Amino acid sequence: MLLARLFGRRLFAAAAHSETYSTTAAAAGATTARSGHNPLEEFFEKDRIQDDDKPIVYGRSWKASELRLKSWDDLQKLWYVLLKEKNMLMTQRQMLHSQNLRFPNPERLPKVRKSMCRIKQVLTERAIEEPDQRRSAEMKRMVNTL
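All values derive from a computational prediction rather than experimental measurement.

This paragraph deals with the packing of helix α4 (residues 108-129) against helix α5 (residues 133-145). Where α4 meets α5, the axes come as close as 8 Å, and the angle between the chain directions of the two elements is 165°. Accordingly, the angle class assigned to the pair α4 and α5 is roughly antiparallel. When you trace α4 past α5, the crossing you get is left-handed. Of the residues in α5, those touching α4 at Lys 120, Leu 123, Thr 124, Arg 126, Ala 127 and Ile 128 are Ser 136, Met 139, Lys 140 and Val 143. Here the residues of the contact of α4 with α5 are counted per class, giving 5 nonpolar, 2 polar and 3 charged.

At a minimum axis distance of 9 Å, the contact between helix α3 (residues 72-98) and α4 shows a crossing angle of 155°. Considering the angle they form, α3 stands roughly antiparallel to α4. Crossing handedness for the pair α3 and α4: left-handed. Here α3 contributes Trp 72, Leu 75, Leu 78, Trp 79, Leu 82, Leu 83, Glu 85, Lys 86, Met 88, Leu 89, Met 90 and Arg 93 to the contact with α4, which in turn contributes Arg 108, Leu 109, Val 112, Arg 113, Ser 115, Met 116, Ile 119, Lys 120, Val 122, Leu 123 and Arg 126.

On the secondary structure map, Leu 96 appears in helix α3. In contact with Leu 96, not counting residues within four places along its chain, are Leu 101, Arg 102, Phe 103 and Pro 104.

Residues spaced three or four apart along an α-helix face the same direction, because each turn holds 3.6 residues. Spanning 13 residues, α5 covers 18 Å between terminal C-alpha atoms, matching the ideal 18 Å at 1.5 Å per step. Burial in α5 covers these residues: Ser 136, Met 139 and Val 143. Down the axis of α5, the buried set is contained in an arc of 65°. They therefore lie on one face. In α5, the exposed positions angled more than 90 degrees off the buried face are occupied by Arg 134, Arg 141, Asn 144 and Thr 145.

Of note, Ser 136 is situated in helix α5. Beyond its immediate chain neighbours, meaning those up to four positions away, Ser 136 contacts Ala 127, Ile 128 and Glu 130.

Counting residues in hydrophobic clusters, the biggest one holds 17 residues, and the most contacted among them are Leu 67, Leu 75, Leu 82, Leu 89 and Ile 119. Breaking this core down by element, the ones donating at least two residues are α2 (64-67), α3 and α4. Take this core: its biggest share by element is 7 residues, from α3. Not counting the four nearest positions on each side in its chain, Leu 67 is found in contact with Trp 62, Leu 75, Leu 78, Ser 115, Arg 118, Ile 119, Val 122 and Arg 126.

Conventions used here
- Residues numbered from 1 in each chain as written.
- Predicted model: local features only at pLDDT ≥ 70, side-chain atom pairs only at ≥ 80, totals over all residues.
- Heavy atoms only, no water.
- Axes fitted to C-alpha atoms, helices over the stretch in contact; angles between N-to-C directions.
- Helix = DSSP H or I, 4+ residues; strand = E, 2+ residues; numbered from the N terminus.
- Parallel < 35°, antiparallel > 145°, perpendicular 65-115°, else oblique.
- Left-handed = near helix turned anticlockwise from the far one by under 90°.
- Contact = heavy atoms within 4.5 Å.
- Nonpolar A, V, L, I, M, F, W, Y, C, P; charged D, E, K, R; others polar.
- Expected span 1.5 Å × (residues − 1).
- Buried < 20%, exposed > 50% of the residue type's maximum accessible area, 1.4 Å probe, protein only.
- Arc of directions from axis to C-beta.
- Core = buried A, V, L, I, M, F, W, Y, C linked by side-chain atoms within 4.5 Å.

So, in structure tokens, the structure goes:
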């Protein structure tokens, strides 16, 4: 009797968890189908029309002097934008490499990496200049996790 209760509870809990999971998965699938947006698409660059007359020119990396003018929140947002860009470029590079194709504009990746290093530098400078030791230590921990 005790074993039947124990196994019954476990089976019921597993079934409830399975039902919750399937409901959640179905809802997520319906949301993706409705919106037409696949989150994995963010790892690939949108197809651009390549005109022979107009080469695509990409921007430069951020300068530390420009980053020093930005707020903490703006730097954090910029960090995650650059992180997504870096992941997208590395995914694209790996995909093209596996197909024995050339990666277009390989100079973009070092620009993103330089900008990310400069953001870390600016945030570290701010953490060092902070007069409150606790806040400074907290800021340094946060910068080191980036």
